[in-house]
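Structural characterization, general
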Amino acid sequence: MALPLAEAQARVLALNSDELPFVYAPTPDGIVGTWKYADVKWAALTAAGTIDASYELRVTLDPAESTWSFDETDTRSETRVHAERDGGFGISGGTSTFKGREKKVSFQFGVGTAAKSTDRQGSHEGNTYGYSFTTDEIKQPLIAALESAGWAPRKKGFFGKLFGG
């Protein structure tokens, strides 16, 4: 028998630690995990820029069925100021958002005359910056905690129920 919703939430919230780059928080119908995996400002001799990237894992718990489902949102924005060949400067940038199921591994490393990055352990300054991110790092402990509380993934649609997907 599955634990009640509040106890299942408590199992997941017990995973929170200052050592982790993400945090789980309760919602009225489940849990949300958030990870701001890139907050970088950098400058080089001919360019400067910023990178902001975050990931949100929103888990919905169904107490009647003792099942869970999740939605994922990955957002990234980047700006860059750079020198043009004619001696002027240019600005470029963009934002992207992905919603849906994903398995992602990301790593970036950069060098500049000055760089500053921020994570849950504080701000770091130097001549390099970098970050790494994998969806499994935030998903797997949460899934294991829910399964240990007797909860199971919700089967979606006819074929999901038929084939267990």
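Given the structure is predicted, the values throughout are model-derived calculations rather than measurements. (Residues numbered from 1 in each chain as written. Predicted model: local features only at pLDDT ≥ 70, side-chain atom pairs only at ≥ 80, totals over all residues. Heavy atoms only, no water.)

Some details on helix H2 (residues 135–148)
Given 3.6 residues to a turn, an α-helix orients residues that are three or four positions apart in the same direction. With 14 residues, H2 should reach 20 Å at 1.5 Å per residue; the first-to-last C-alpha distance of 20 Å fits that figure. Along H2, the positions that sit buried rather than exposed are Thr-135, Ile-138, Lys-139, Leu-142, Ile-143, Ala-145 and Leu-146. Each buried residue of H2 sits inside an arc of 160° when the element is viewed along its axis, so together they form one side. (Helix = DSSP H or I, 4+ residues; strand = E, 2+ residues; numbered from the N terminus. Expected span 1.5 Å × (residues − 1). Buried < 20%, exposed > 50% of the residue type's maximum accessible area, 1.4 Å probe, protein only. Arc of directions from axis to C-beta.)

Quick notes on the environment of Thr-34
Following the sequence through the fold, Thr-34 ends up in strand E2 (residues 30–43). Using a relative accessible area of 32% as the deciding quantity, one classes Thr-34 as partly exposed. In this structure, Thr-34 is in contact with Phe-22, Val-23, Tyr-55, Glu-56 and Ile-138, ignoring residues within four places of it in sequence. (Contact = heavy atoms within 4.5 Å.)

Structural notes on helix H1 (residues 5–13)
When we look at burial in H1, the residues that qualify are Leu-5, Ala-8, Gln-9 and Val-12. Here the buried residues of H1 occupy an arc of 100° about the axis, which is enough to place them on one side. Buried residues along H1 sit against strand E1 (23–27), E2, strand E3 (47–62) and H2.

Things to note about the packing of H1 against H2
Running from amino to carboxyl end, H1 crosses H2 at an angle of 145°, the nearest separation of the two axes being 9 Å. Crossing hand, H1 versus H2: right-handed. Between H1 and H2, the contacting residues are Ala-8, Arg-11 and Val-12 on the first element and Leu-142, Ala-145, Leu-146 and Ser-148 on the second. Of the residues assigned to the contact of H1 with H2, the class counts are 5 nonpolar, 1 polar and 1 charged. (Axes fitted to C-alpha atoms, helices over the stretch in contact; angles between N-to-C directions. Left-handed = near helix turned anticlockwise from the far one by under 90°. Nonpolar A, V, L, I, M, F, W, Y, C, P; charged D, E, K, R; others polar.)

What about the packing of aromatic side chains?
Applying the stated criterion across every chain, the model contains 7 aromatic pairs. Arranged with centres 5.5 Å apart and planes meeting at 70°, the rings of Phe-22 and Tyr-24 form a pair that is edge-to-face. Each member of the pair, Phe-22 as well as Tyr-24, is classed as buried. Judged by centre distance (5.5 Å) and plane angle (15°), the ring pair of Trp-68 and Phe-70 falls under stacked. For the pair Trp-68 and Phe-70, a shared accessibility class is recorded, and that class is buried. Here a set of aromatic residues connected by ring pairs shows up, and it is made of Phe-22, Tyr-24, Trp-35, Tyr-37, Tyr-55 and Phe-133. (Phe/Tyr/Trp six-rings, centres within 6.5 Å; stacked < 30°, edge-to-face > 60°.)

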